[in-house]
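Notes for the structure review
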Amino acid sequence: MEEPVAIIVGAGPSGLAVAACLNRLSIPNIILEREDCFASLWKEKSYDRLHLHLPKQYCELPHMPFPTTFPTYVPKKLFLQYLDDYVSRFSITPMYRKLVESASHDGVAERWRVRVRNTGGSGEAPVEEYSGRFLVVASGETSDAFVPEVKGLDSFGGEVIHSTKYKCGEKYSGKRALVVGSGNSGMEIALDLSLHGAETSIVVRSPLHILSREMLYMGLEMLKYGIPLTTAESLLVLLSKLWYGDLTRYGIQRPQEGPLSLKVKYGKYPVVDVGTYEKIKSGQIQVLPAIASIRGNEVEFENGNSHPFDAIVFATGFKRSTHKWLKVK
Ligand SMILES: NC(=O)C1=CN([C@@H]2O[C@H](COP(=O)(O)OP(=O)(O)OC[C@H]3O[C@@H](n4cnc5c(N)ncnc54)[C@H](OP(=O)(O)O)[C@@H]3O)[C@@H](O)[C@H]2O)C=CC1
Ligand SMILES: O=C(O)C(=O)Cc1c[nH]c2ccccc12
């Protein structure tokens, strides 16, 4: 095989976008993907009711707009259909079951050396090596599911899953479900559970911004037209306060810093409300503080209260994987 100019790690939307751009310029490249499909987070590790939070014009990949027939907020199924079309259109051929174990730069040869475990076979996974002038890290901020250590979790009798294993709330009907974590996954999974008739609670341990999709869209449009970030986000906070009111009565604080600054500085996205707020307001979703410990089916919270649950969904986010394999001096 001809040596690629670029080695792309990860066949998520970003890796596919880079490969498409390189293919259009006939620049040889390979994508190394540890799973057996592209966009595995979307395909296999996300809940059914997932939609993009931004209007479609903000989410398209380079050189291929979404079809005009797609709705403004693209659902998972159509997004995956779009990615399928994208991969065929730009003749992208990711190499699957290639787990990158190390990537380091050889200064003398001016090449990246990438060691890969080929996990595709049946026996012991053999090691392969690839080299190329450029390395593209497209393995994402959401590569490895994160579950915190919780005192007594082992003693919990019910089901415990990470948000990546959650599809739909159907089987939780009538059950007491606790969602731990109040990012966008936790908030929407709590909504889904409640809509399916689960008695739902969610742990909110830190301050957060809640915006509607329209507010977020407005914020991004303001940035596009050159309105300063601090001005744009002051307006968003004002709108959020007018629309949602004082959230402290439900046990939710707003952060000191604005929603756009938090995203830009720390990659922390605001919660985009797709219906959870109404459920919290009506008392159908109960907000609880951080967990102190678990004993059997009883979960004790930091305010000293404890409640029994049948299932816990950890929507506690992800860790990136680069510290495991990317060797930079
Ligand atoms: N439709 C869309 O576009 C969607 C987009 N997303 C995006 O995907 C990315 C991942 O989202 P998500 O899966 O929600 O993960 P996040 O990292 O965004 O959220 C994790 C949440 O878990 C909380 N948490 C972590 N550890 C604990 C703990 N020990 N006890 C209590 N709470 C804890 C965090 O709180 P704390 O802040 O205190 O650490 C935070 O609220 C984000 O960028 C998100 O915006 C997700 C879903 C839908
Ligand atoms: O910068 C990005 O990741 C974007 O595409 C825009 C965006 C998506 N969600 C947001 C939330 C707050 C600020 C920017 C964005």
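Refer to the structure above for everything that follows.
I will try to describe carefully the structure that is included in this document. These numbers come from a predicted model, not from an experiment.

Time to look at the site of ligand 2. Taken together, the residues surrounding ligand 2 are Leu-54, Leu-216, Leu-220, Leu-260, Lys-263, Tyr-269 and Pro-270. Here Lys-263 contributes a side-chain N or O atom positioned 3.0 Å from an oxygen atom of ligand 2. In the environment of ligand 2, an oxygen atom lies 2.9 Å from a nitrogen or oxygen atom belonging to the side chain of Tyr-269. Taking 360 Å² as the accessible area of ligand 2 by itself, protein coverage stands at 69%. The set of elements that each furnish at least two residues to the shell around ligand 2 consists of helix H5 (213-224) and helix H7 (259-266). Along the lines of polarity and charge, the residues of the shell around ligand 2 split into six nonpolar, no polar and one charged.

Further remarks concern the site of ligand 1. Around ligand 1 lies a shell of 21 residues, among which His-51, Asn-184, Ser-185, Arg-205 and Ser-206 are the nearest. Separating an oxygen atom of ligand 1 from a side-chain N or O atom of Ser-206 is a distance of 2.3 Å. One of the backbone nitrogen or oxygen atoms of Ala-315 is found 3.3 Å away from an oxygen atom of ligand 1. Alone, ligand 1 offers 920 Å² of accessible surface; in the complex the protein occludes 75% of this. Looking at the shell around ligand 1 residue by residue, the class counts come to nine nonpolar, 10 polar and two charged.

Calculation notes
- Residues numbered from 1 in each chain as written.
- Chains lettered and ligands numbered in written order.
- Predicted model: local features only at pLDDT ≥ 70, side-chain atom pairs only at ≥ 80, totals over all residues.
- Heavy atoms only, no water.
- Near = heavy atom within 4 Å.
- Polar contact = N/O pair within 3.5 Å; in protein donor to acceptor, adjacent residues only side chain to side chain.
- Areas by Shrake-Rupley, 256 points an atom, 1.4 Å probe, with all protein chains shown as cover.
- Helix = DSSP H or I, 4+ residues; strand = E, 2+ residues; numbered from the N terminus.
- Nonpolar A, V, L, I, M, F, W, Y, C, P; charged D, E, K, R; others polar.

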